[in-house]
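The primary structure of each chain is shown beneath.
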Amino acid sequence: MTAIARSISFAAVVFVLLGCGDRFQFAGKWTGQREVQAQQGANPDVVNTLKRVTVKIDNEGRFEMFDQGISFAGPVQHDGSDLVLKPDTMLDRPLDRQPQDVRDAIKSARLKGNKDGTVTFSEEGGEPVTLKRESQR
């Protein structure tokens, strides 16, 4: 009976992630760049790393995110038609193993699907970034 319940729960998550009806299709890889003003003499490779935002949404209800040179991962949560990304790992280490000040600094992110097929990535206190789909998977 428990296996059936888990299978139904898993199927429900996949159904929600893949979308139903008019729901936005978030699964795939998304990339974009922040507006960053580089200081004179700054290393362009470092500036490009700080600008880049990449988010991968899988069909199992998890995400991987590369934001300002740091990797994060965690569960995807739905909030209406938006997705909320709450990291549970940073740099491939569980957040509960990070120092408290690091855990306190980690913010959840929100993805909002746009009619033009892009998504808007936003974090608390940050400027929104438009991400374009790179691939479906």
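Residues numbered from 1 in each chain as written. Predicted model: local features only at pLDDT ≥ 70, side-chain atom pairs only at ≥ 80, totals over all residues. Heavy atoms only, no water.

Let us look at the pairing of strand 9 (residues 119–123). The sheet contact formed by strand 8 (residues 109–113) and strand 9 spans 5 bridges and is antiparallel. Counted as the bridge partner of arginine 110 is serine 122 from strand 9. Linkage of strand 8 to strand 9, two consecutive antiparallel strands, is achieved through a turn of 5 residues, within which glycine 117 is found at a positive phi near 90 degrees. The pairing of strand 9 with strand 10 (residues 129–135) spans 3 bridges and is classified as antiparallel. When the bridges of strand 10 are listed, phenylalanine 121 appears paired with valine 129. Joining the antiparallel neighbours strand 9 and strand 10 is a turn of 5 residues, in which glycine 125 adopts a positive phi near 80 degrees. (Pairing = 2+ DSSP bridges. Helix = DSSP H or I, 4+ residues; strand = E, 2+ residues; numbered from the N terminus.)

All right, on to the packing of aromatic side chains then. Counting across every chain of the model gives 2 aromatic pairs. Ring geometry for phenylalanine 24 versus phenylalanine 26: centroids 4.8 Å apart, planes at 55 degrees, classification tilted. The residues phenylalanine 24 and phenylalanine 26 share a single accessibility class, namely buried. Each ring, one from phenylalanine 24 and one from tryptophan 30, has its centre 6.0 Å from the other, and the planes form 35 degrees; the classification is tilted. Looking at tryptophan 30, the relative accessible area reads 0%, which means it is buried. Following the ring pairs from residue to residue traces out a cluster consisting of Phe24, Phe26 and Trp30. (Phe/Tyr/Trp six-rings, centres within 6.5 Å; stacked < 30°, edge-to-face > 60°. Buried < 20%, exposed > 50% of the residue type's maximum accessible area, 1.4 Å probe, protein only.)

Take the layout of surface pockets next. Within this model, the largest pocket holds a volume of roughly 270 Å³. In terms of lining, the largest pocket is formed by 17 residues, of which the most central are Arg34, Asp67, Gln68, Phe72 and Glu123. For the lining of the largest pocket, the elements supplying multiple residues, two or more each, are strand 3 (62–67) and strand 4 (70–79). (1 Å grid on protein atoms, 1.4 Å probe; cavity = no way out; pocket = protein on both sides within 12 Å on 5 of 7 lines; lining within 4 Å. Points joined across faces, edges and corners; volume = space filled by probe spheres on them.)

It is worth spelling out the nonpolar core at this point. Ranked by size, the top nonpolar core spans 21 residues in total, and within it Val55, Ile57, Leu85, Leu111, Val119, Phe121 and Leu131 carry the most contacts. Those elements that place two or more of their residues in this core are strand 2 (52–57), strand 3, strand 4, strand 5 (82–85), strand 8, strand 9 and strand 10. Excluding its chain neighbours within four sequence positions, the residues that come into contact with leucine 131 are Trp30, Thr31, Gly32, Val53, Val55, Leu111, Thr118, Val119 and Phe121. (Core = buried A, V, L, I, M, F, W, Y, C linked by side-chain atoms within 4.5 Å. Contact = heavy atoms within 4.5 Å.)

Attention now moves to the confidence of the model for the protein chain. The share of residues in the protein chain with pLDDT of 70 or more is 83%, and the mean pLDDT across the chain is 85. Across residues 14–21 the pLDDT falls below 50, and counting only partners more than four positions away or on other chains, this stretch makes 15 contacts in the model. (pLDDT = per-residue confidence, 0-100.)

The alternating pattern of strand 1 (residues 28–33) places Gly28, Trp30 and Gly32 on a buried face and Lys29, Thr31 and Gln33 on a face that is not buried. By the bridge criterion, 6 bridges tie strand 1 to strand 2 in an arrangement that is antiparallel. Its bridge partner being in strand 2, threonine 31 is matched across the sheet by threonine 54. Looking at chain direction, strand 1 and strand 10 are connected through 3 bridges and run antiparallel.

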